Every structure is written in C-alpha cells, then in structure tokens.
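Geometric and topological summary
For reference, the chains in residue letters:
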Number of protein chains: 2
Amino acid sequence: MARSRLTPEREGELYAAVLDLLGEVGYEALTMDAVAARTRSSKATLYRQWGSKAELVVKALRHNKPMELGEIDTGSLRGDFRAALRRTDDCEMEKSSALMRGLGQAVHSNPDLLQALRELMIEPELTGLGLMIRRAVDRGEVRPDNPALSYVPHMMIGAFAARELVDGRAVDQAFLTDYAEAVVFPALGV
Amino acid sequence: MARSRLTPEREGELYAAVLDLLGEVGYEALTMDAVAARTRSSKATLYRQWGSKAELVVKALRHNKPMELGEIDTGSLRGDFRAALRRTDDCEMEKSSALMRGLGQAVHSNPDLLQALRELMIEPELTGLGLMIRRAVDRGEVRPDNPALSYVPHMMIGAFAARELVDGRAVDQAFLTDYAEAVVFPALGV
C-alpha cells in the first residue's frame, strides 16, 4: 500500500497537538487514541506515518527547530552559534525545557523513547555541532590540537543541565550567549 | 531523652549497609525495616539518628567523601582540583555514579529526597567550590572580572552529565583531570 503523504501544514498541526497533549498529560498518559481524537485522524494513519508513540513525540519536539544545526553556515563560529540560538526563541525554549524535563522522567521506563531521543534529536545535534566546530578548525579559527575541541558537547550540555540544577530556571538566549562568550569561546581560544 | 551517639565505626557500618541495599533494591524499595534488619539495629534508633529515609540515604552517600570540598586548601587552584578529585577513587566514583543515576529517577516522585540531596550534598559542594574559586581570585590566579567565574558549577556539572549522555560512561579521575585542563582552567585564564 502506498504511504499516504500529509501536507506540511497538516503535519505541523499534528505536531502542535502532540506537544499540547504532552504538556497537559505527560508522556506516560499520552495515548495514540488521544492524539487521534484531538487531531481528528485515525490511529492507523498515525502509526503508518510515525510507527510508534516515541517517534511521533520526538519528531514533534524536533519540529520546533525549523533548521538543522548542520545546515547553519555563517562563516564564523560566533555567527554559527548565534544562528543556532536564534532557531528557538525564549518562549519556545522555556516550553521545550518543560517538556524535556517530563521526558527525562519518562525515559527511565521507556527505552524506546530514549532510543528515539538519541537517534532523532541528540545524535543529529551532536553531528551538526561537530560539523560547525570542524569548519571553525578548517577556517583557522580554532587550532586543530586544541584540547577543548572534543568537549564542546559537554560544555553545552552543562549549560542546560546546570541552569536547571544550580539556578533553578530554564536556559534562554541571553544566558546561552553569555555562557558561550565566557566559557566555550575562551576554552576554544576563539 | 538524651540522643544516644553511635561510634564513628558503627556509623560507617550503617552507611555501608545502606549503600549496599540501595544498590541492590533501589531507593523506592529500600525500607527502614530492611536497613534495621541488615544492620541489626532498631528502627527507633535509625529514626532518632537520621529522621528520615531521605536523610539517611543522602548522608550515606556523602560519607563516601571523607573530606568536604571547603576544607581543601593546597595553595593553588590546580592543586585544589586535584585534591578534590583524589577524595574519591575511580571505583568509588563508578559506584556512586550508578547510585546517583538511580536517585535521579527517585527524586521525581520523592520531593524530600530532592531536598535532602540539595541541602546535604549539592549546596555544600557548590559552597565549597565557591570558596575554592574565591581563594584563587584572592591569590591573583584568576582575574576578579573573569566572566567564567560564575560558570564553574555549570562546567563541572556538564562534565558529569555529558559523560553519561554523550560518551555513555561514568566519569573517572583521568577524564575529569583532562576536562579541567582543557576547559575549566583555560576559561578561567589559569
């Protein structure tokens, strides 16, 4: 059977409804039935298009970021970082922080969710970040033997995790910009 | 009634038994009854001494670190970092990483555990880290207006969180030493 295609508008509507439901009831209580009812679609369509609840939820989260990190190429590392931050405004960032906190709990009992998060969100972002850093090295902005090169993901993940844990609030563009200027660029010698 | 005192040896035995039990059954299933049975003590003694399961568990975890971060003072920031790392050997670090992962799940449904972790482990470590950094500034090792000064906790938490998430393994002394040399000291201009 031919795989029917949704229009991009319809896909966006479905993703928005999934994120609304996720915020309302959480991952565990979110069912494909509820998504089907909320979006007036059939469960068969949902499973045909996404395969599993985990995939649907992670793709809905990813849909918030209109541009892949790897597609950004402004010509300088600082410019690439700023463009990466501009992908998500503060309001979206706070909403997705709240959703990610909820998923952080759910991954413990849902290995397929952890796998979907890794494959569809974490790995593509890490690959994109790696390309961004690689271009900075190729341009001569960062020395190829700088020991901080392999730790950029660790620095950035620390910004997100510690902002919650130490400061008790979600990251925003101002914080991430300041952190990059204070920590990431100096460590890279930029 | 006078608060009876345990000898340090007996206290150490109790903490070791609590950590064994925690590793075996996890936080949710760990009961004061089980601790009492395992350690041949009475539940009344346990509650008199620790007040709650959350406090007992967190103090047992903290007991692994024989020296408070704030007590370290070697005369240089690099020396202080190394002394802080030497508090826990790699084997202990891996064991406590595994226990902390388990607690990371349990905090979601146990707000008193989160509070005990914050009050008895996270805040004292952050305070100790703050003192260590402050002394480095006073000695002239770090410029007082260095913008990375307020981000040392974020850098360190990133090392722990991302080591699990990106590299899929627990931190050890070699990794933390390399990370400090590659990221923390350069960002601080040391």
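Given the structure is predicted, the values throughout are model-derived calculations rather than measurements. Per chain, the residues get numbers from 1 upward, laid out in the order the sequence is written. Each chain is given a letter, starting from A, and each ligand a number, starting from 1, according to the order in which they appear as written. It should be noted that, the model being predicted, local features are given only for residues of pLDDT at least 70 and side-chain atom pairs only at 80 or more, the latter also being counted only at that level, while totals for whole chains, interfaces and linings use all residues. Values shown for side chains rest on all heavy atoms present in the structure; no hydrogens or waters enter the calculation.

1. Quick word on the overall build of chain A
- The helix and strand labels rest on DSSP assignments: H or I over at least four residues marks a helix, E over at least two residues marks a strand, and numbering proceeds from the N terminus. Broken down by element type, chain A carries 9 helices and 0 strands.
- A principal-axis box enclosing the C-alpha atoms of chain A has dimensions of 55 × 40 × 30 Å.
- Using a 1.4 Å probe on the protein chains alone, a residue whose accessible area is under 20% of its type maximum counts as buried, one over 50% counts as exposed, and one in between counts as partly exposed. Going through the 190 residues of chain A one by one, you find that 44% of them count as buried.
- Only heavy atoms matter for contacts: two residues are in contact if any of them lie within 4.5 Å across the pair. Taking the intrachain contacts of chain A between residues at least 6 apart in sequence as the baseline, contacts between residues at least 24 apart amount to 65%.
- Taken as a whole, chain A presents about 9,600 Å² of accessible surface, with 53% of it coming from carbon and sulfur.
- Neither His nor the chain termini are counted; the positive set is Lys and Arg, and the negative set is Asp and Glu. Working definition for charges: the position is that of NZ of Lys, CZ of Arg, CG of Asp or CD of Glu. Between the averaged position of the 24 positive side-chain charges in chain A and that of its 28 negative side-chain charges there is a distance of 3 Å. Residue burial considers only the protein chains on display, and all accessible areas are found by Shrake-Rupley using a 1.4 Å probe.

2. What to know about the interface of chain A and chain B
- Taken together, the 26 residues of chain A in the interface contact 27 residues of chain B.
- The term buried area refers to how much accessible surface (probe radius 1.4 Å) is lost by two components on association, counted for both of them together. Across the chain A/chain B interface, buried area totals approximately 2,300 Å², and carbon plus sulfur atoms make up 72% of it.
- Area buried by chain A at its contact with chain B is led by Tyr151, His154 and Leu165 of chain A, which between them contribute 26% of it.
- Salt bridge, as applied in this entry: a Lys or Arg side-chain nitrogen positioned within 4 Å of an Asp or Glu carboxyl oxygen. Along the contact surface separating chain A from chain B lie 0 salt bridges.
- Polar contacts, as counted here, are pairs of nitrogen or oxygen atoms within 3.5 Å of one another; within protein the pair requires one atom able to donate a hydrogen and one able to accept it, and residues that are adjacent in sequence qualify only if both atoms are side-chain atoms. Put simply, chain A and chain B have 4 residue pairs in polar contact (both at pLDDT 80 or more) between them.
- Put simply, the parts of the chain that give the side of chain A that touches chain B at least two residues each are helix H7 (111-138), helix H8 (152-165) and helix H9 (173-188) of chain A.
- The biggest single contributor to the side of chain A that touches chain B is H8 of chain A, with 10 residues.
- Here the residues of the side of chain A that touches chain B are counted per class, giving 17 nonpolar, 4 polar and 5 charged. Residue classes follow a fixed rule: Ala, Val, Leu, Ile, Met, Phe, Trp, Tyr, Cys and Pro count as nonpolar, while Asp, Glu, Lys and Arg count as charged, and any other residue, Gly among them, counts as polar.

3. Examining the relation of the copies chain A and chain B
- The transform that puts chain A on chain B rotates by 180° and translates by 0.1 Å along the axis, for an RMSD of 0.0 Å. Here the symmetry operator amounts to a two-fold rotation axis. Considering only C-alpha atoms, the part of chain A nearest the rotation axis is Gly158 of chain A, at 1.6 Å.
- Here 100% of the interface residues in chain A have copies in chain B that are interface residues too; the copies meet face to matching face. Overlaid copies result from least-squares superposition on C-alpha atoms, with residues included only where pLDDT is at least 70 in both.

4. Considerations on the domain arrangement of chain A
All names here are of chain A.
- For chain A, the assigned domains read domain 1 (8-61) and domain 2 (67-188).
- Listed per partner, the contact involves 11 residues of domain 1 and 12 residues of domain 2.
- For the pair domain 1 and domain 2, the summed buried surface comes to about 940 Å²; carbon and sulfur atoms form 83% of the total.
- Three residues, Tyr27, Val58 and Leu61, lead the burial of domain 1 against domain 2; their summed loss comes to 55% of the area buried on that side.
- Taken together, domain 1 and domain 2 are joined by 2 residue pairs in polar contact (both at pLDDT 80 or more).
- Looking at the side of domain 1 that touches domain 2, the elements that each hand over two or more residues are helix H1 (8-29) and helix H4 (53-63).
- For the side of domain 1 that touches domain 2, the element with the most residues is H4, which contributes 6 residues.
- Taken together, the residues of the side of domain 1 that touches domain 2 sort by class into 7 nonpolar, 1 polar and 3 charged. Each domain's limits were defined by an automated method or a database of domain assignments.

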